[in-house]
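Examination of the molecular architecture
So you can see what is in the structure, the chains are spelled out below.
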Amino acid sequence: MTSQRTRDRLIERLSERGITDNTVLNVIRGTPRHIFLDEALSHRAYEDSSLPIGFQQTLSQPYIVARMTELLLANGPRERVLEVGTGSGYQTAILAQLVGRVFSVERIRPLQEKARQRLRQLGLTNVQLRHADGGMGWKDRGPFDAILSAAAPAEVPQELLAQLAMGGRLVIPIGPQGKQQALYVYDKTEEGIQEQIIEPVLFVPLLAGLLS
Ligand code: SAH
């Protein structure tokens, strides 16, 4: 179930769905997704679907991980990247192989601790994790060349836009819980913030407050 053949099929499917960045596809091909799941679900790790990770949260669908990563890297390499919603750590692991440094924030402590172990297991040392409300960004570590949010607020958080470097890009799902969300891209340019709507998506909500 976790064979190279199964993983290759996932990559074929992502290409069919329109992912064209081969660097991103190769990193996904080489990253074991099953270690980010509980053992009972690991046989489904290479399906193109989101899967539960406890605390009513989900490991994002591979297509979405690929799409958001592709969008994040579209305008050239990114050195400092902030991720909001570490979750299982899977998206974090993909980013860590493609950018200089990843700063990732998670509000649920037990998820963060598991993610930390997995990232260590993969030998990814360019990642810093923090237990905090990611809607506020991570001001001490900014400004960021890119920010990726894995949870959906109702409106774009101004604090995240503020922590973008000039030329920086925010990739974020926005919309009410469970319906009518879309993936947005915001670029910070000399002329101001530029917004693009990419496609409809379904994400867990961005929530305030911490869980220990
Ligand atoms: N990329 C992750 C997605 C996890 S789901 C993965 O593939 O595993 C989104 C995550 O965002 C959840 O773990 C949730 O706890 C977290 N989250 C929601 N609101 C948050 C906030 N305000 N600050 C930090 N993390 C938040």
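Right, let's walk through the structure included here. Every value quoted in this text rests on a predicted model; they were computed, and no experiment measured them.

**Structural notes on the overall build of the protein chain**
- Within the protein chain, the regular secondary structure consists of six helices and nine strands.
- Its C-alpha radius of gyration of 16 Å places the protein chain within 12% of the 17 Å reference for a compact globule of 212 residues.
- Expressed as lengths along the three principal axes of its C-alpha atoms, the size of the protein chain is roughly 50 × 40 × 35 Å.
- Relative to its 212 residues, the protein chain shows a buried fraction of 54%.
- Working note: accessible area of the protein chain is about 9,900 Å², and carbon and sulfur atoms make up 47% of it.
- Here the protein chain carries 24 positive and 23 negative side-chain charges, and the mean point of each set is 5 Å from the other.

**Digging into the environment of Leu202**
- Of note, Leu202 is situated in the segment after β9 (192–201).
- Assessed through its relative accessible area of 65%, Leu202 is described here as exposed.
- Along the chain, Leu202 and Leu164 lie 38 residues apart, while their C-alpha atoms are 24 Å from each other.
- Setting aside chain neighbours within four positions, we find Leu202 in contact with Gly178, Lys179 and Gln181.

**A look at the pattern of salt bridges**
- If you walk through the whole model with that rule in mind, you get nine salt bridges.
- Salt-bridge contacts for Asp48 lead to Arg17; the nearest nitrogen and oxygen are separated by 3.6 Å. Of this pair, Asp48 sits in the loop between α2 (22–30) and β1 (51–54) while Arg17 sits in the loop between α1 (4–16) and α2; the two residues are 31 residues apart in sequence, bridging distant segments of the chain.
- The residue Glu113 makes a salt bridge to Arg116 at a minimum N-O spacing of 3.6 Å. With Glu113 and Arg116 both in helix α5 (residues 109–121) and three residues apart, the pair spans about one turn of that helix.
- A relative accessible area of 28% means that Arg116 is categorised as partly exposed.
- Residues joined by salt bridges that share partners form a network here, namely Arg13, Arg17 and Asp48.

The rules behind these values
Residues numbered from 1 in each chain as written. Predicted model: local features only at pLDDT ≥ 70, side-chain atom pairs only at ≥ 80, totals over all residues. Heavy atoms only, no water. Helix = DSSP H or I, 4+ residues; strand = E, 2+ residues; numbered from the N terminus. Rg over C-alpha atoms; globule rule 2.2 N^0.38 Å. Buried < 20%, exposed > 50% of the residue type's maximum accessible area, 1.4 Å probe, protein only. Areas by Shrake-Rupley, 256 points an atom, 1.4 Å probe, with all protein chains shown as cover. Lys, Arg positive; Asp, Glu negative; His and termini not counted. Charge placed at Lys NZ, Arg CZ, Asp CG, Glu CD. Contact = heavy atoms within 4.5 Å. Salt bridge = Lys/Arg side-chain N within 4 Å of Asp/Glu carboxyl O.

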